[in-house]
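Commentary on secondary and tertiary structure
What follows is the residue order along each chain.
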Amino acid sequence: MVDYTVRRARTSDVRHIQALVEPLVQERILLGKDDVVFYEAVQEFRVAETSDGEIIGCGALHVIWEDLGEIRTLAAGRSVRGTGVGHAIVARLEADALELGLRRLFCLTFEVDFFTKHGYQPIGEDVVPPEVYAQLVRSSDEGVAEFLELARVKPNTLGNTRMLKQLSS
């Protein structure tokens, strides 16, 4: 059993986050991101850190709309997969979402069983009203495009499952 805590990420963690994410990018499980994107989003990240300072997991919460957020870039080091690190990060991100006033969380994942254990369910279309869709479609954020299933991202996400969870406080 690994002793770790989940905390807010710092800029000094970005290289460690990239090291966790890169093998999953190579396996085409996660989309690659430029360095600048990680730094711009560092405040969205939480990391799992061992008592000796090793970063063993990460995940981010991105706000999409008034009541809707996305869990993205969830990764755990190969040596700690299956030990609960990912579950702890998701729990922290869900708590953060509730603090922000979000009521629904979206994810785009190959890990359907993992997210199902957390109460996420596969979704179809029409998850937001047309007037919200009209606003969201203006976003340049790839996660929003994935949520809306816009054609420009489908080649990158083919095979992923869109899932949603209703949060309860």
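Use the structure listed above.
Quick summary incoming for the structure in this document.

Procedures and definitions
- Residues numbered from 1 in each chain as written.
- Predicted model: local features only at pLDDT ≥ 70, side-chain atom pairs only at ≥ 80, totals over all residues.
- Heavy atoms only, no water.
- Helix = DSSP H or I, 4+ residues; strand = E, 2+ residues; numbered from the N terminus.
- Contact = heavy atoms within 4.5 Å.
- Expected span 1.5 Å × (residues − 1).
- Buried < 20%, exposed > 50% of the residue type's maximum accessible area, 1.4 Å probe, protein only.
- Phe/Tyr/Trp six-rings, centres within 6.5 Å; stacked < 30°, edge-to-face > 60°.

Attention now moves to the side chain of E49. For E49, the location among the structural elements is in strand β2 (residues 45-50). For E49, the contacting residues outside a window of four places in its chain are D3, Y4, T5, R7, E54 and I55.

With 13 residues, helix α1 (residues 14-26) extends 18 Å between its outermost C-alpha atoms, agreeing within 8% with the 18 Å of an ideal straight helix rising 1.5 Å per residue. Buried within α1 we find V14, I17, Q18, L20, V21, L24 and V25. Just beyond α1, the residue with positive phi is R28, at close to 60°.

Attention shifts here to the packing of aromatic side chains. Evaluation of the coordinates by the stated rule reveals 3 aromatic pairs. Considering the side-chain rings of F114 and F115, the 5.1 Å spacing of their centres and the 80° angle between planes classify their relative orientation as edge-to-face. The exposure classification of F114 matches that of F115, with both residues buried. Where F115 meets Y120, the ring centres are 5.2 Å apart and the plane angle is 80°; that geometry is what we call edge-to-face. Judged on exposure class, the residue F115 and its partner Y120 are both buried. Counting every residue linked through ring pairs, the aromatic cluster contains F114, F115 and Y120.

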